[in-house]
Amino acid sequence: MKGCYKKTLHIARRTPVRRAMSFLELAVVVAIVGMLTVAAVTSFGSSTLSNGGAEGFVRKLSLALIHARRATISTGENHYVQFSPAAANATSFVLYRRTAGGDIPVDVSRPVPPDITLSSSHAALEFDFDGASLASYSIDVTGDQRSWNLAVMTVTGSVSVTETTP
């Protein structure tokens, strides 16, 4: 059998497929992210982080005013943002709906962070049925190194935010 040779079948083994990260790989990733976070905090400083918190609070307050205006237009009932305990140095604010049976809180009380000073021209900032504000409102918010002014226009009820210090 000169031209005959034996055929052999080679069956290749498959290597198992990995579907997840190992614990060691996960621990390395978490350690790297932690080191980058520490480096960012030390290079930017804590005042930068607190100013970011102050800016976030200004956005939250402006969104509450915009929500009050839109809710007034959609329901036809006046909505307002009430500062407490006073407009001079408020520690919290709440969104209310004015009804014939009495004022109803629409949202929970939102605290003013302790490192922020808030002063307002009025204790209550109210919008009427067509979305106009009942008066021209001005709110000053001061953080560690930056300050903002929120202004609400009488006729349109629009809210504008301006940074007052660089």
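Throughout this document, residue positions are counted from 1 along each chain, in the order its sequence is written. With the structure being a predicted model, the display of local features is reserved for residues of pLDDT at least 70 and the display and counting of side-chain atom pairs for 80 or more, all residues being used for whole-chain, interface and lining totals. To get the side-chain values, take all heavy atoms of the structure and skip hydrogens and water.

**Details of the pairing of strand β3 (residues 102-105)**
(1) Moving on: Two strands form a pair only when DSSP identifies at least two bridges running between them. For helices the rule is a DSSP run of H or I covering at least 4 residues; for strands it is a run of E covering at least 2, with both sets numbered from the N terminus onward. As judged from the four bridges shared by strand β2 (residues 92-99) and β3, these two strands associate in the antiparallel manner. In the strand pairing of β3, Arg98 is matched with Asp103.
(2) Moving on: Between β2 and β3, which pair antiparallel one after the other, the connecting turn spans two residues.

**Considerations on a nonpolar patch on the surface**
(1) Moving on: Side chains of Met21, Leu26, Val29, Val30 and Val33 sit close together on the surface and give an oily, nonpolar patch of about 450 Å² of accessible area.
(2) Moving on: Examined against the element boundaries, Val33 turns out to sit in helix α1 (residues 23-44).
(3) Moving on: By relative accessible area, Val33 is classed as partly exposed at 49%. Note on patches: the residues involved have over 30% relative accessible area and no salt bridge, like charges join within 9 Å, and the nonpolar side chains Val, Leu, Ile, Met, Phe, Trp and Tyr join within 5 Å. Residue burial considers only the protein chains on display, and all accessible areas are found by Shrake-Rupley using a 1.4 Å probe. Whenever Lys or Arg places a side-chain nitrogen within 4 Å of a carboxyl oxygen from Asp or Glu, that contact is recorded as a salt bridge. The rule is simple: take the accessible area with a 1.4 Å probe, protein chains only, and divide by the maximum for that residue type; under 20% is buried, over 50% is exposed, in between is partly exposed.

**Considering the sheet that holds strand β8 (residues 147-152)**
(1) Moving on: As summarised here, the arrangement of the four strands in space is β5-β7-β8-β9, forming an open sheet in which the pairing is antiparallel. Single-partner strands in this sheet number two, and they are β5 (117-120) and β9 (159-163). Sheet twist, expressed as the mean angle between neighbouring strand axes with direction ignored, is 15°.
(2) Moving on: Where β5 and strand β7 (residues 137-142) come together, four bridges link them in antiparallel fashion. Considered in β7, the bridge of Leu118 is made with Val141. Every angle, taken between N-to-C directions, lies between 0 and 180 degrees, and every axis is a line fitted to C-alpha atoms, over only the stretch in contact when it is a helix.

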